[in-house]
Amino acid sequence: MLQQGQTIWLTGLPSSGKTTTALALTAALRANGQTVECLDGDELRRAIGKDLGFSREDRMENIRRAVYLCQLLNRNGVTTIVAMIAPYTEMREYARANLKQYVEVFVQCPLEECIRRDVKGLYKLAVAGEIPSFTGISDVYEQPESPEITIRTDLSDIEINVANIMKEISISPIEV
Ligand SMILES: Nc1ncnc2c1ncn2[C@@H]1O[C@H](COP(=O)(O)OP(=O)(O)OP(=O)(O)O)[C@@H](O)[C@H]1O
Ligand SMILES: [Mg+2]
């Protein structure tokens, strides 16, 4: 019988380390023989989100599309690693309510460190007032209240965080 895939959702501020952790986790799970797909927020917007901006409504629609893809993949036995900011509690509640096996990973990193990293140079623009709804500066990031896992990317290295996530997700497989 085909085993239902899980969705491992990495949420956190821009530059907190979602993509970096998601890619390392995907590689580690594949090395373990699992069928895994990675959905990255940037790629998703490029592929099927060109019509969406960063209003609350558009961000929510972006999440709905991602959750739909997770449903398709999960029901075919594919574990899906999502790297999307998902800044509002409502979004994570939507994902949790609509996915059979949802594991929320809070990728925690102090805002000051994210600003220091500024991988895409967007914090600089946001701080200068040039991006009207940039998460962490000009738009809210509502911290997850009860994530299954919290990792600290300013304190622990990637390998340790990946190992901790893998320990957590190996539990409670269900059959469909
Ligand atoms: N322990 C760590 N885990 C993850 N990333 C780390 C860690 N330590 C340092 N970094 C660095 O932090 C940066 C995180 O960037 P990354 O693109 O993964 O962030 P992101 O959360 O995907 O941001 P965005 O929301 O803008 O896509 C990378 O340059 C990475 O090398
Ligand atoms: Mg990213």
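First, a word on what this report is: a plain description of the structure on this page. (Residues numbered from 1 in each chain as written. Chains lettered and ligands numbered in written order. Predicted model: local features only at pLDDT ≥ 70, side-chain atom pairs only at ≥ 80, totals over all residues. Heavy atoms only, no water.)

1. Re the site of ligand 1
1) Next: For ligand 1, the set of nearby residues contains 17 residues, the closest of which are Ser15, Lys18, Thr19, Thr20 and Lys120.
2) Next: Threonine 19 places a side-chain nitrogen or oxygen 2.8 Å from an oxygen atom of ligand 1.
3) Next: Within the backbone of threonine 153, an N or O atom sits 3.2 Å from a nitrogen atom of ligand 1.
4) Next: Burial of ligand 1 by the protein amounts to 76% of the accessible area it has alone, namely 650 Å².
5) Next: Sorting elements by how many residues they give to the shell around ligand 1 places helix H1 (residues 18-31) first, with four residues. (Near = heavy atom within 4 Å. Polar contact = N/O pair within 3.5 Å; in protein donor to acceptor, adjacent residues only side chain to side chain. Areas by Shrake-Rupley, 256 points an atom, 1.4 Å probe, with all protein chains shown as cover. Helix = DSSP H or I, 4+ residues; strand = E, 2+ residues; numbered from the N terminus.)

2. Remarks on H1
1) Next: With 14 residues, H1 extends 20 Å between its outermost C-alpha atoms, agreeing within 8% with the 20 Å of an ideal straight helix rising 1.5 Å per residue.
2) Next: Contact partners of the buried residues in H1: strand E1 (7-11), strand E2 (36-40), strand E3 (79-83), strand E4 (102-108), strand E5 (149-152) and helix H7 (158-169).
3) Next: Just downstream of H1, glycine 33 is the residue with a positive phi angle, here 90°. (Expected span 1.5 Å × (residues − 1). Contact = heavy atoms within 4.5 Å.)

3. Observations regarding the nonpolar core
1) Next: If you look at the biggest cluster of nonpolar residues, it comprises 17 residues, and the most contacted ones within it are Ile8, Leu10, Leu25, Ile81, Val105 and Ile165.
2) Next: At the level of elements, E1, H1, E2, E3, E4, E5 and H7 are the ones that each hand at least two residues to this core.
3) Next: If we skip the residues at most four places from it in the chain, leucine 10 touches Lys18, Thr21, Ala22, Ile81, Val82, Ala83, Met84, Val105 and Val107.
4) Next: Ranked by size, the runner-up nonpolar core spans 16 residues in total, among them Leu39, Met60, Cys70 and Met91. (Core = buried A, V, L, I, M, F, W, Y, C linked by side-chain atoms within 4.5 Å. Buried < 20%, exposed > 50% of the residue type's maximum accessible area, 1.4 Å probe, protein only.)

4. Section: the pattern of salt bridges
1) Next: Using the criterion set out here, one finds 11 salt bridges in the structure.
2) Next: Glutamate 148 is paired through a salt bridge with arginine 96; the nearest N and O atoms lie 2.8 Å apart. Of this pair, glutamate 148 sits in the loop between helix H6 (122-127) and E5 while arginine 96 is found in helix H4 (residues 89-98), placing the two residues 52 residues apart along the sequence.
3) Next: Taking relative accessible area as the criterion, glutamate 148 reaches 33% and is therefore assigned partly exposed.
4) Next: Among the salt bridges present, the one from arginine 152 reaches aspartate 154, with a minimum N-O distance of 2.7 Å.
5) Next: With a relative accessible area of 29%, aspartate 154 lands in the partly exposed category.
6) Next: One salt-bridge network, held together by shared partners, links Asp51, Glu61, Arg64 and Arg65. (Salt bridge = Lys/Arg side-chain N within 4 Å of Asp/Glu carboxyl O.)

5. Brief notes about the environment of serine 15
1) Next: Considering the arrangement of structural elements, one finds serine 15 in the loop between E1 and H1.
2) Next: Put simply, serine 15 and isoleucine 115 are 100 residues apart on the chain and 7.6 Å apart in space, counted from C-alpha to C-alpha.
3) Next: Once you skip the residues sitting within four places of it in the chain, serine 15 turns out to touch Cys114, Arg117, Asp118, Val119 and Tyr123.

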